[in-house]
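# Structural overview
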Number of protein chains: 2
Amino acid sequence: MLMPKTSEELRREQELRSMKRIEEMMRRIQDSIYKGMPPEFEMPVRKGVFDPEKKRLVLGTSKTRRRYMNVAHTRKFMQTLKVAETCYNELLKKHKTTTIRDLFYSVLGTIPGTKIQTFNDQTESNLVSTDLEVALGLAREDLNLVAESSGSVVGDVVIEDNGDIIDWSKMGSGGWSVPSVVDHIVFKKVNAKFILYVEKKAVWNRLREDNVWKKYKCVLVATRGQSDRGTRRLIKRMSDEFDLPVYVFTDSDPYGWYIYSVIKYGSMALPHTSEYLATTRAKFAGMSMDDLEKYDIPKSHTLPRKPADIKRAKEMLKYPWFQSEFWQRQLKKAIQTKRKAELQSLAKYGIEFISEKYIPDKLKNQDFVD
Amino acid sequence: MLMPKTSEELRREQELRSMKRIEEMMRRIQDSIYKGMPPEFEMPVRKGVFDPEKKRLVLGTSKTRRRYMNVAHTRKFMQTLKVAETCYNELLKKHKTTTIRDLFYSVLGTIPGTKIQTFNDQTESNLVSTDLEVALGLAREDLNLVAESSGSVVGDVVIEDNGDIIDWSKMGSGGWSVPSVVDHIVFKKVNAKFILYVEKKAVWNRLREDNVWKKYKCVLVATRGQSDRGTRRLIKRMSDEFDLPVYVFTDSDPYGWYIYSVIKYGSMALPHTSEYLATTRAKFAGMSMDDLEKYDIPKSHTLPRKPADIKRAKEMLKYPWFQSEFWQRQLKKAIQTKRKAELQSLAKYGIEFISEKYIPDKLKNQDFVD
């Protein structure tokens, strides 16, 4: 009988895979130097395109080359190799992870014999890290580069992580802090019918305290504002591997709706990660501008929109994945009324209204949209 | 034999205590109405004073009265009673907690027969909530009002929280999310020599991954920037109840140093909470401006200061608790050099330098200041 792999084995396998990719890239560069050819490497142009078939953002098909002998590329070429070397020797080989901020500090320095700084600021190291991901066809996490995570989770789920058995149903009044990388996590038990995501820790706390996850058998996930990569990957893994629907609750606000769309379709800035991070079956459950009327939220319980919100809404009107009649109506209402509302505005009807009426109604009536 | 109380019993007792305080306050107001006297209540003036004896911020001794018949007070009087009523009926009586944001939404409304709004914005409800705390001599948490928490913790500690047994040493690559209220938590096992606090999750992750908490037998705590009340209370409880020293690591930056001072002395905005939240034995361990020289951090690894940082540093020069020769030197250097450095700048010497050299040296040499 095959033994299931432990989280540590999964992590080591991923590290070896990533190291092999870096070795291949470096060998190609080395080969061209040996052949007397100018060193270069190829990578896809990082431009997001909406793929209606796959129902998510994908990387376009055009490619570009980074050439060492092109003076406009030389610096970036050097920087990419420096970052690749650091990921290989300092992270993957040593089984360590680090943030892109720490990476910046460790690649900083001057070129020997000169006063030229290898990197001027973190923007430069971030950019070449992303170039490297795309060139290698890997996610940042595969290079042991992590983003800060802010997710919290509860539910009737037991996992194994680095040898620890963690029961998400026994987290007291706290929760389990979702780490930045979740690929190595082994799910031991998943007793849930769906995943319920909220964009705010305060709302998560309300639902947790009101035992929503027990009553409706769901996994309750929250981030603080925009969902981080670790949390999105966790949602995707659970949804894919255990066939769980995902219902997203955000504020009635273009910013919140964009959080939903990043969970579902991926992010425009990092289209190459959407295969890895986007949960295409996620559905939007609320709040919409329609909800403000349906639930009779008075103006006093709404907030004025900032000009940036209106600008955002106008841009979103054009996104291919917001073309449905529903989303066009929400965005237009957002622009017209100049008001937005938080999920918490439902506290007008008492603090448990969201747990005892709003969410149960949405679930019962399957009041979800794409 | 007396059975130790469970976290639920502790929570219920606190709720009953708080309800009793509100009842007493209301009875006094009711009594004056029955006697034909104008209703009023007394409360301390909310002004922080540094108490050199107690070594923390305390509430000044002056008192003020909120009088219903004084037109300048009438609105606030009404608002305070509305908030008290909501805390009593909706939170304490129902064993529910909520954030001050949700509280705002639930007290919003109009005065019957008029178009006058009870509250115009959240500033008003925040202000009277704090007035109510001070008038009742309670912390906000005692009213089941919670702030959002952002703390994460690992260590060789086992707690009981709401009937769940939680082992902080078995959290995989995540940690336990510290909840907003920790008073009811029962410590079952605390195998630690000290508490190590860092202001950033990224640094916490580095230390966790490098097993610093196992090697040095410490509890590893991080928040995201300014430490929230739940986390500060947890640090205080563990430090007081298990006689644990607390070592604070922040960036080399007045903002970071102020985070340290809030942990140690309390916050100026909420001096009445420092008895409950301030860990007076906490010590500052780094980074200082001196460290930048000691560890030879080059300018390329520092960041420019914003004018607001300089302004902050100039104000801090005057605070009674920053008068030592050490702090005056740090603040003056901060103003002079116009540079600041993050803990992560130590990654110049490799990403594990902070875990394998910087922190071990600080601990070995007892390189801490007050």
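Conventions we followed
- Residues numbered from 1 in each chain as written.
- Chains lettered and ligands numbered in written order.
- Predicted model: local features only at pLDDT ≥ 70, side-chain atom pairs only at ≥ 80, totals over all residues.
- Heavy atoms only, no water.
- Helix = DSSP H or I, 4+ residues; strand = E, 2+ residues; numbered from the N terminus.
- Rg over C-alpha atoms; globule rule 2.2 N^0.38 Å.
- Buried < 20%, exposed > 50% of the residue type's maximum accessible area, 1.4 Å probe, protein only.
- Pairing = 2+ DSSP bridges.
- Axes fitted to C-alpha atoms, helices over the stretch in contact; angles between N-to-C directions.
- Contact = heavy atoms within 4.5 Å.
- 1 Å grid on protein atoms, 1.4 Å probe; cavity = no way out; pocket = protein on both sides within 12 Å on 5 of 7 lines; lining within 4 Å.
- Points joined across faces, edges and corners; volume = space filled by probe spheres on them.
- Nonpolar A, V, L, I, M, F, W, Y, C, P; charged D, E, K, R; others polar.
- Least-squares fit on C-alpha atoms with pLDDT ≥ 70 in both.
- Salt bridge = Lys/Arg side-chain N within 4 Å of Asp/Glu carboxyl O.
- Phe/Tyr/Trp six-rings, centres within 6.5 Å; stacked < 30°, edge-to-face > 60°.
- Lys NZ or Arg CZ within 6 Å of the ring centre and 35° of its normal.
- Parallel < 35°, antiparallel > 145°, perpendicular 65-115°, else oblique.
- Buried area = accessible area lost by both parts, 1.4 Å probe.
- Core = buried A, V, L, I, M, F, W, Y, C linked by side-chain atoms within 4.5 Å.

## Looking at the overall build of chain A
On a plain count of helices and strands, chain A comes out with 13 helices and 17 strands. In terms of C-alpha radius of gyration, chain A reaches 23 Å, essentially the compact-globule figure of 21 Å for 370 residues. Here the C-alpha coordinates of chain A stretch approximately 75 × 55 × 40 Å along the principal axes. When burial is assessed residue by residue, chain A has 60% of its 370 residues classed as buried.

## Quick look at the sheet that holds strand β9 (residues 164-167) of chain A
Residue and element names in this part refer to chain A. Read across the sheet, 3 strands follow the order β9-β8-β11 without closing on themselves; strand pairing throughout is antiparallel. Of all the strands in the sheet, just β9 and β11 (186-190) have a single pairing partner and so form its edges. Here the strands of the sheet are splayed against their neighbours by 20° on average, with no regard to which way each runs. Along the sheet, helix α7 (residues 229-242) makes contact with β8 (157-161) and β11, crossing β11 at roughly 60°.

## Description of the side chain of A:Ser173
With respect to the helices, strands and loops of the structure, A:Ser173 is situated in the loop between β9 and β10 (175-177). Taking relative accessible area as the criterion, A:Ser173 reaches 5% and is therefore assigned buried. Excluding residues that lie within four positions of it along the chain, A:Ser173 makes contacts with A:Asn205, A:Arg208, B:Arg11, B:Asp161, B:Asn162, B:Pro179, B:Val181 and B:His184.

## Details of empty space enclosed by the protein
A full pass over the atoms with the stated rule returns 5 cavities of 30 Å³ or more. The calculated volume of the largest cavity comes to roughly 180 Å³. Around the largest cavity, the lining comprises 22 residues; the ones closest to its centre are A:Thr97, A:Val146, A:Ser180, B:Asn205 and B:Arg208. At the level of secondary structure, the elements contributing two or more residues to the lining of the largest cavity comprise β5 (98-99) of chain A together with α5 (201-209) of chain B. Counting residues per element, the lining of the largest cavity draws most heavily on α5(B), which supplies 7 residues. Residue composition of the lining of the largest cavity, grouped by class: 6 nonpolar, 10 polar and 6 charged. Around the second largest cavity, the lining is made up of 14 residues, and of these A:Ser150, A:Ser152, A:Lys201, B:Ser150 and B:Ser152 lie nearest the centre. Partitioned by chemical class, the residues of the lining of the second largest cavity number no nonpolar, 10 polar and 4 charged.

## Remarks on the relation of the copies chain B and chain A
When chain B is brought onto chain A, the operation consists of a screw motion whose angular component is 180° and whose axial shift is 0.0 Å, with 0.0 Å RMSD remaining. What we have between these two chains is a two-fold relation. Looking at chain B, 100% of its interface residues are interface residues in chain A too, so the copies touch through the same face.

## A few points about the environment of A:Met19
Residue and element names in this part refer to chain A. If you trace the backbone, methionine 19 turns up in helix α1 (residues 7-34). Separated by 73 residues in the primary sequence, methionine 19 and leucine 92 place their C-alpha atoms 6.9 Å from one another. Apart from residues no more than four positions distant in its own chain, methionine 19 is found in contact with Tyr88, Leu92 and Lys93.

## With respect to the pairing of β9(A)
For a regular strand, side chains alternate in direction, first toward one face of the sheet and then toward the other. All names here are of chain A. Side chains of β9 alternate between two faces, with Asp164 and Ile166 buried and Ile165 and Asp167 left unburied. Bridge count for β8 against β9 is 4 bridges, and the pairing is antiparallel. From the neighbouring strand, glutamate 160 faces β9, where its bridge partner is isoleucine 165.

## Considering the pattern of salt bridges
Applying the stated criterion to the full structure yields 76 salt bridges over all chains. Salt-bridge contacts for A:Asp243 lead to A:Arg281; the nearest nitrogen and oxygen are separated by 2.7 Å. Taken as a pair, A:Asp243 in the loop between α7 and β14 (246-249) and A:Arg281 in the loop between α9 (274-277) and β15 (283-286) lie far apart in primary sequence, 38 residues in all. Residue classification places A:Asp243 among the exposed residues on the basis of a relative accessible area of 56%. For A:Arg281, a relative accessible area of 33% translates into the label partly exposed. With its nearest N and O atoms 3.0 Å apart, the salt bridge here joins B:Glu15 to B:Arg12. Taken together, the residues span about one helical turn, with B:Glu15 and B:Arg12 both in helix α1 (residues 7-34) at a distance of 3 residues.

## Considerations on the packing of aromatic side chains
The geometry of an aromatic ring pair comes down to the distance between the two centres and the angle between the two planes. Residue and element names in this part refer to chain A. The final tally for this structure, using the stated rule, is 51 aromatic pairs over all chains. Ring centres of phenylalanine 249 and tyrosine 358 lie 6.2 Å apart, and the angle between their planes is 65°; on these two criteria the pair is classed as edge-to-face. Separated by 109 residues along the polypeptide, phenylalanine 249 in strand β14 and tyrosine 358 in helix α13 (residues 353-364) bring together distant segments of the chain. On the basis of relative accessibility, which here comes to 0%, the residue tyrosine 358 falls in the buried class. Taken together through their ring pairs, the aromatic side chains of Phe50, Trp257, Tyr258, Tyr260, Tyr265, Phe284, Tyr319, Trp321, Phe322, Phe326 and Trp327 make up a single cluster. Residue placement shows arginine 312 over the ring face of tyrosine 258; its charged tip is 4.7 Å from the ring centre.

## Focus: the packing of helix α2 (residues 71-92) of chain B against helix α4 (residues 122-136) of chain B
Angle between the axes and distance between the axes are the two parameters that describe a pair of packed helices. Residues and elements named next belong to chain B. The N-to-C vectors of α2 and α4 enclose an angle of 75°; their axes lie 9 Å apart at closest approach. Looking at the two axes, α2 sits roughly perpendicular to α4. Taking contact as the criterion, the partners of Arg75, Lys76, Gln79, Thr80, Val83 and Ala84 in α2 are, on α4, Glu124, Leu127, Val128, Ser129, Asp131 and Leu132. Among the residues forming the contact of α2 with α4, the class breakdown is 5 nonpolar, 3 polar and 4 charged.

## Details of helix α3 (residues 100-107) of chain A
Extensive coverage of α3(A) is indicated by the burial of 8 of its 8 residues. Along α3(A), the residues that are buried comprise A:Ile100, A:Arg101, A:Asp102, A:Leu103, A:Phe104, A:Tyr105, A:Ser106 and A:Val107. If you follow the buried residues of α3(A), they end up packed against α2 (71-92), β5, α4 (122-136) and β6 (145-146) of chain A together with β16 (303-304) of chain B.

## Focus: the sheet that holds strand β12 (residues 194-198) of chain A
Read from one edge to the other, the open sheet built from 12 strands follows the order β15(A)-β14(A)-β12(A)-β13(A)-β7(A)-β10(A)-β10(B)-β7(B)-β13(B)-β12(B)-β14(B)-β15(B), with strand pairing classed as mixed. The open sheet has two edge strands, β15 of chain A together with β15 (283-286) of chain B, and neither has a second partner. Sheet twist, expressed as the average angle between the axes of neighbouring strands with direction ignored, equals 30°. Relative to strand β14 (residues 246-249) of chain B, strand β12 (residues 194-198) of chain B runs parallel, the two being bridged by 4 bridges. Bridge pairing in β14(B) places B:Val198 opposite B:Phe249.

## Details of the interface of chain B and chain A
Listed per partner, the contact involves 54 residues of chain B and 54 residues of chain A. Approximately 4500 Å² of surface area, both sides summed, lies buried where chain B meets chain A, with 44% of it carried by carbon and sulfur atoms. Between chain B and chain A we count 6 salt bridges in total. Contributions of two or more residues to the side of chain B that touches chain A are made by α2, β5 (98-99), α3 (100-107), β9 (164-167), β10 (175-177) and α5 of chain B. Considering only residue class, the side of chain B that touches chain A consists of 13 nonpolar, 23 polar and 18 charged. In this sheet, β10(B) lies alongside β10(A) in antiparallel orientation, the contact comprising 3 bridges. What sits directly across from A:Trp176, in β10(B), is B:Trp176.

## Here we look at the nonpolar core
Residues A:Trp168, A:Leu196, A:Tyr358, B:Trp168, B:Leu196 and B:Tyr358 are the most contacted members of the largest nonpolar core, which totals 146 residues. Discounting residues that sit within four places of it in the chain, A:Trp168 has contacts with A:Val153, A:Val154, A:Gly155, A:Val157, A:Ile159, A:Trp176, A:Phe187, A:Val219, A:Leu234 and A:Met238.

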